[in-house]
Amino acid sequence: LIVNGSISSRGESSDDPYIGTGAGGSIWLEVGSLSGYGTIDVSGGDSNYQHAWGSSGGGGRISLFVSTSVIEFAGSYRCNAGSAMPTTAQGGSGTLYIQYPTTDPAYDLNNDGLYQSLTLDNMGRENTLPPTPFWADVDTASSVDLDVIVLRSAKLSFDTSSSLSVMVGSLISDTTGTLYVGGVLANSSSQYITLTVTHNVTSNMIVEASGRATLPSALSLSRSLYVSGELCGASDITLFPGGSVTLDISAYQCGGQLNAFVFDYLILHAESSLTVVSQFDHENPAMLNATSLLVETDAKVIVSGGIIIHAQNISVAFGGMITSDGFGYANSDGPGAGVSAFEYPYFSGTGGSHGGCGGDASPISSPCLVYGSIYTPTTYGSGAGHSDTYSPLPRGGGAIHLVSHYLFVNGSVSSDAAYQASSPGSAGGSVWIETSLLSGWGSISARGGSTTQLSNAAGGGGRVAIYVSGAYRYNGTLSAAGGQHTEIARIGSAGTIYQSRPLEGNVDSDGNGVFEQLIVDNKGIESRLATVLSASMGGLLFQSAEYVFDEVVIGSLTDLVVSDPEYNITLRVGVLTSPTGTGIISIGDSTWLANATSVSLYYPLPSLTLGLRVYYNGIAYLQDSMSFTSQRSPALEIFGTLHGAQDLLLADHSVGQVHLRYTGVARSSGSSSYVFRDVVVGDGARLNVYGREGDPSQPTIIPSDTLRVHTHGSFVAHYGVQMEHTRVVVDWLASIQADG
């Protein structure tokens, strides 16, 4: 057959703006050989270009059987839909099937003595229609063998109401062509569609819940693969620019369990992505096991919900990321959900809470419902309160758990809350890392969401835990900061960062050979709300909880409160520090409660360079000689009980002051009594002692051997104070006063 003209069975076109056009028909050719420069055409009819009411016809079908291997046809096959405006009114592609005998292994990929190809080419006419079914009216076939499938601007579906097995050598598509395995018919009849690809996949593919795809063991992709059914083969996956793999909530591997995947090598090159969608249940995360996971610059591993990634080696290059940002709880959802105000003129929401508190909104206060574990964080960040009854708000952070021998982070590992400037912020999620060696200069974070809208609030920080059993060589950043706002009351408070790593010269306060550190740092952004350390964050409870840290670091303008309304807490710290001296730690409840639980702090060093506040049910066990200094008040404030500090020194030029309240006690049988040996108020420092307002008959008593107030220092008595000192020294320009 020589075709230099045309063989056609086109659908009829229309110039009527209200009428759709006809579909292409059928051409079935059985020839010895085929040549020529003409056209074989079953395209759909064109619709009027000037109007949107008429739709174009779909493409028809061409079937070509050549009894020899001689195909020298250089013309064109057309099985595309007709054109229409708008493009959503364009029809779908028809099919071109070609078969001829061959033993050439470059063409006979299935080794059956035939070359069989199926092409769908819609000539750039994209549409929103369902995919073209391979078998339109035949549901009895049990198997299909094809050497090549080619999809251009077209979608093809293998979906029948009976089980079907499809063998394909290579899949090829442009950026919009997509192959569907399984679908509506197979799902409705509980049948299974199986696709096996023996050679190459360069096509977009969707494996539905009723589908199974067996792919080459070494799979290289520059297209997308979406799996919600069963995935077999593909033990090594390399993603090139434009390539993506999505493993949906119902996906699984070859007879395995849902949401659990095992690979050998996973390599993500620039502009590629791997997405894992888990059940929305932090106790049942997705599982991803690999020998090696390499995430290169501008590549992403996206975790929707929670995941545990086990890999011998994990490497995240600069600009690469493993992220669960914005995949936690939705607005007004979660254990720490924000609350809303819908009364004019206020349409606002408080921030979501998790490791830190969400900020206050106008005119409502944050419930500050913190939760989750410091040591083994797996919980999602809670959503903010609604500020708009119609729009979904940015979600909290999800949960990432990395387990590896070697972890290199030059990019980022994050479970931050999503960000939307005009909406209240949700809470950061969880990042839990277990590795033998950690290195890199990147970032690890679980930050709360910020907002710029004046009446809305930002979200609280999440939780980060890092366990390193070998070398710790990480020089990057760590953050569980709350979200930001321009008003202090709207700012979220910091979450927690826990690290357990080799000593390498650090303090070992409990002698267990491991350096354990707690970091609470809002990155220099002061919040009205503090970070709360309660008993439940440490794990199982009986009547009390004990925390032991070699070091607690409280960041600039950051407050940590250790308190629990139901359980006693003991906190033992080797080193308490704040890099700028503006952090504050508070022990106990800020309001007096009858039969309150007790909160105790044990601190072994003779100086503190941050603020310490001991509330009513708080007890501080300090060294006999203590020096206090801070760059933010208070340096020391006592409402409760102080043990130790017989020699109390408020260091020179301390911005933070000392406040001894009338409810407090130090080495005495009753309240309102502070017994010291030596009290020294440094140059420019200030010591305040408070009696009971309006009742001078019950003064606060402060006896000591020596009271010395240095130059520019002040000892200030508020209300009734009874001073009993053996020796008092007041230097030049110093003062003891009860003015006002």
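Shown above is the structure to which this text applies.
Quick look at the structure, then. Because the structure is predicted, anything quoted here is derived from the model rather than measured.

## Description of the overall build of the protein
Okay, step 1: The helix and strand inventory of the protein stands at one helix and 63 strands.
Okay, step 2: Here the protein has a C-alpha radius of gyration of 35 Å; the compact-globule value for 740 residues is 27 Å, and the former is much larger.
Okay, step 3: Dimensions of the protein, computed from the C-alpha atoms along their principal axes, are close to 120 × 60 × 45 Å.
Okay, step 4: The proportion of buried residues among the 740 residues of the protein is 56%.
Okay, step 5: Counting contacts in the protein only where the partners sit at least 6 residues apart, residues at least 24 apart contribute 64% of the total.
Okay, step 6: Positive and negative side-chain charges in the protein, numbering 27 and 61 respectively, have mean positions lying 8 Å apart.

## Section: the nonpolar core
Okay, step 1: Formed by 76 residues in total, the largest nonpolar core has its most connected members in Phe158, Met205, Leu215, Leu293, Ile322 and Ile444.
Okay, step 2: With near-sequence residues (within four places) excluded, Met205 lies in contact with Leu171, Thr178, Leu179, Val181, Leu195, Ala213, Leu215, Ser224, Leu225 and Tyr226.
Okay, step 3: Counting 59 residues, the second largest nonpolar core, distinct from the first, contains Trp432, Leu518, Ala645 and Ala734.

## Here we look at the packing of aromatic side chains
Okay, step 1: Considering all chains together, one arrives at 17 aromatic pairs under this definition.
Okay, step 2: Ring geometry for Tyr375 and Tyr498: centres 4.9 Å apart, planes at 85°, overall edge-to-face. Placement of the pair is Tyr375 in the loop between strand 32 (348–349) and strand 33 (399–409) and Tyr498 in strand 40 (residues 496–502), with a sequence separation of 123 residues. Side by side, Tyr375 and Tyr498 carry an identical accessibility label, which is buried.
Okay, step 3: One residue, Arg572, lies across the ring of Tyr602, its end atom 4.3 Å from the ring centre.
Okay, step 4: Its guanidinium or amino end placed over the ring of Tyr690, Arg661 lies 4.0 Å from that ring's centre, counting from NZ or CZ.

## A short note on the sheet that holds strand 61 (residues 714–718)
In sheet architecture, strand pairing relies on hydrogen bonds along the backbone and comes in two forms, parallel and antiparallel.
Okay, step 1: Overall, parallel pairing links the nine strands, which are arranged 42-44-46-49-52-55-59-61-63 in an open sheet. Two strands in the sheet have a free side with no partner beyond their single neighbour: strand 42 (531–533) and strand 63 (735–737). Averaged over neighbouring strand pairs, the angle between their axes works out to 10° when direction is ignored.
Okay, step 2: As defined by bridge partners, strand 59 (residues 686–690) adjoins strand 61 across five bridges and the pair is classed as parallel.

## Details of the side chain of Ser404
Okay, step 1: In this fold, Ser404 is placed in strand 33.
Okay, step 2: Not counting chain neighbours up to four residues away, the residues in contact with Ser404 comprise Ala311, Gln312, Ile314, Glu434, Thr435 and Ser436.

## Description of a nonpolar patch on the surface
Okay, step 1: Taken together, the side chains of Met723, Val728, Val730 and Ile736 make up a nonpolar region of the molecular surface, amounting to roughly 280 Å² of accessible area.
Okay, step 2: Sorting elements by how many residues they give to the nonpolar patch places strand 62 (residues 721–730) first, with three residues.
Okay, step 3: Considering the arrangement of structural elements, one finds Ile736 in strand 63.

## Brief notes about the pairing of strand 33
Put simply, side chains in a regular strand alternate between the two faces of the sheet.
Okay, step 1: Pairing between strand 29 (residues 306–316) and strand 33: ten bridges, direction parallel. The partner of Ile308 across the bridge, within strand 33, is His401.
Okay, step 2: Pairing of strand 33 with strand 35 (residues 430–440) involves nine bridges; the strand directions are parallel. Looking at the pairing, His401 lines up with Trp432 of strand 35.

## Quick look at the environment of His659
Okay, step 1: With respect to the secondary-structure elements, His659 resides in strand 55 (residues 658–660).
Okay, step 2: His659 gets classed as buried once you look at its relative accessible area, which sits at 11%.
Okay, step 3: Between the alpha carbons of His659 and Pro634 there is a distance of 7.2 Å; along the sequence they are 25 residues apart.
Okay, step 4: When near neighbours in sequence (up to four residues on either side) are disregarded, His659 contacts Ser633, Pro634, Leu636, Glu637, Ile638, Asn688 and Tyr690.

## Remarks on the environment of Val339
Okay, step 1: Topologically, Val339 is positioned in the loop between strand 30 (321–323) and strand 31 (340–341).
Okay, step 2: The class for Val339 is partly exposed, based on a relative accessible area of 34%.
Okay, step 3: A sequence separation of 74 residues divides Val339 from Tyr265, and the C-alpha atoms of the two residues are 45 Å apart.
Okay, step 4: In this view, Val339 contacts Ser348, Gly349, Thr350, Ile364, Ser365, Pro367 and Gly385; residues no more than four positions away in its chain are not counted.

## A closer look at the sheet that holds strand 22 (residues 244–247)
Okay, step 1: Read across the open sheet, the twelve strands follow the order 10-12-14-16-19-22-26-28-30-34-36-39; overall the sheet is parallel. Each of the sheet's edge strands pairs with one partner strand only, and the pair in question is strand 10 (132–133) and strand 39 (477–479).
Okay, step 2: Examined bridge by bridge, strand 36 (residues 443–445) and strand 39 share three bridges and lie parallel to one another. Bridge pairing in strand 39 places Ser445 opposite Ser479.

## Some details on the pattern of salt bridges
Okay, step 1: In the structure shown here, the tally under the stated rule is 16 salt bridges.
Okay, step 2: Taking the shortest distance from any N to any O, the salt bridge between Arg572 and Glu546 comes out at 2.6 Å. Here Arg572, found in strand 45 (residues 568–577), pairs with Glu546, found in strand 43 (residues 544–554); they are 26 residues apart in sequence, far enough to count as distant.
Okay, step 3: A residue is classified by how much of its surface remains accessible, and Arg572, at 34% relative accessible area, is partly exposed.
Okay, step 4: Residue classification places Glu546 among the partly exposed residues on the basis of a relative accessible area of 49%.
Okay, step 5: Here Asp731 ties to Arg708 by a salt bridge, and the two come within 3.4 Å at their closest N and O atoms. One end of the pair, Asp731, is in the loop between strand 62 and strand 63; the other, Arg708, is in strand 60 (residues 700–709), and 23 residues separate them in sequence.
Okay, step 6: Residue Arg708 is classed as partly exposed on the basis of its relative accessible area of 30%.

## Describing the layout of surface pockets
Okay, step 1: Empty space within the largest pocket amounts to approximately 510 Å³.
Okay, step 2: Lining the largest pocket are 24 residues, with Ala530, Val532, Val561, Ser563 and Ser590 sitting closest to its centre.
Okay, step 3: Class assignment for the residues of the lining of the largest pocket results in ten nonpolar, seven polar and seven charged.

## Describing empty space enclosed by the protein
Okay, step 1: Under the criterion given, the structure shown has one cavity of 30 Å³ or more.
Okay, step 2: Taken together, Ser493, Ala494, Asn522, Ser527, Leu529, Thr531, Leu557, Thr558 and Asp559 make up the full set of residues lining the largest cavity.
Okay, step 3: Taken together, the residues of the lining of the largest cavity sort by class into three nonpolar, five polar and one charged.

The rules behind each value
Residues numbered from 1 in each chain as written. Predicted model: local features only at pLDDT ≥ 70, side-chain atom pairs only at ≥ 80, totals over all residues. Heavy atoms only, no water. Helix = DSSP H or I, 4+ residues; strand = E, 2+ residues; numbered from the N terminus. Rg over C-alpha atoms; globule rule 2.2 N^0.38 Å. Buried < 20%, exposed > 50% of the residue type's maximum accessible area, 1.4 Å probe, protein only. Contact = heavy atoms within 4.5 Å. Lys, Arg positive; Asp, Glu negative; His and termini not counted. Charge placed at Lys NZ, Arg CZ, Asp CG, Glu CD. Core = buried A, V, L, I, M, F, W, Y, C linked by side-chain atoms within 4.5 Å. Phe/Tyr/Trp six-rings, centres within 6.5 Å; stacked < 30°, edge-to-face > 60°. Lys NZ or Arg CZ within 6 Å of the ring centre and 35° of its normal. Pairing = 2+ DSSP bridges. Axes fitted to C-alpha atoms, helices over the stretch in contact; angles between N-to-C directions. Patch = residues over 30% accessible without salt bridge, like charges linked within 9 Å, V, L, I, M, F, W, Y side chains within 5 Å. Areas by Shrake-Rupley, 256 points an atom, 1.4 Å probe, with all protein chains shown as cover. Salt bridge = Lys/Arg side-chain N within 4 Å of Asp/Glu carboxyl O. 1 Å grid on protein atoms, 1.4 Å probe; cavity = no way out; pocket = protein on both sides within 12 Å on 5 of 7 lines; lining within 4 Å. Points joined across faces, edges and corners; volume = space filled by probe spheres on them. Nonpolar A, V, L, I, M, F, W, Y, C, P; charged D, E, K, R; others polar.

Everything listed is a geometric property; what it means functionally is a separate question.
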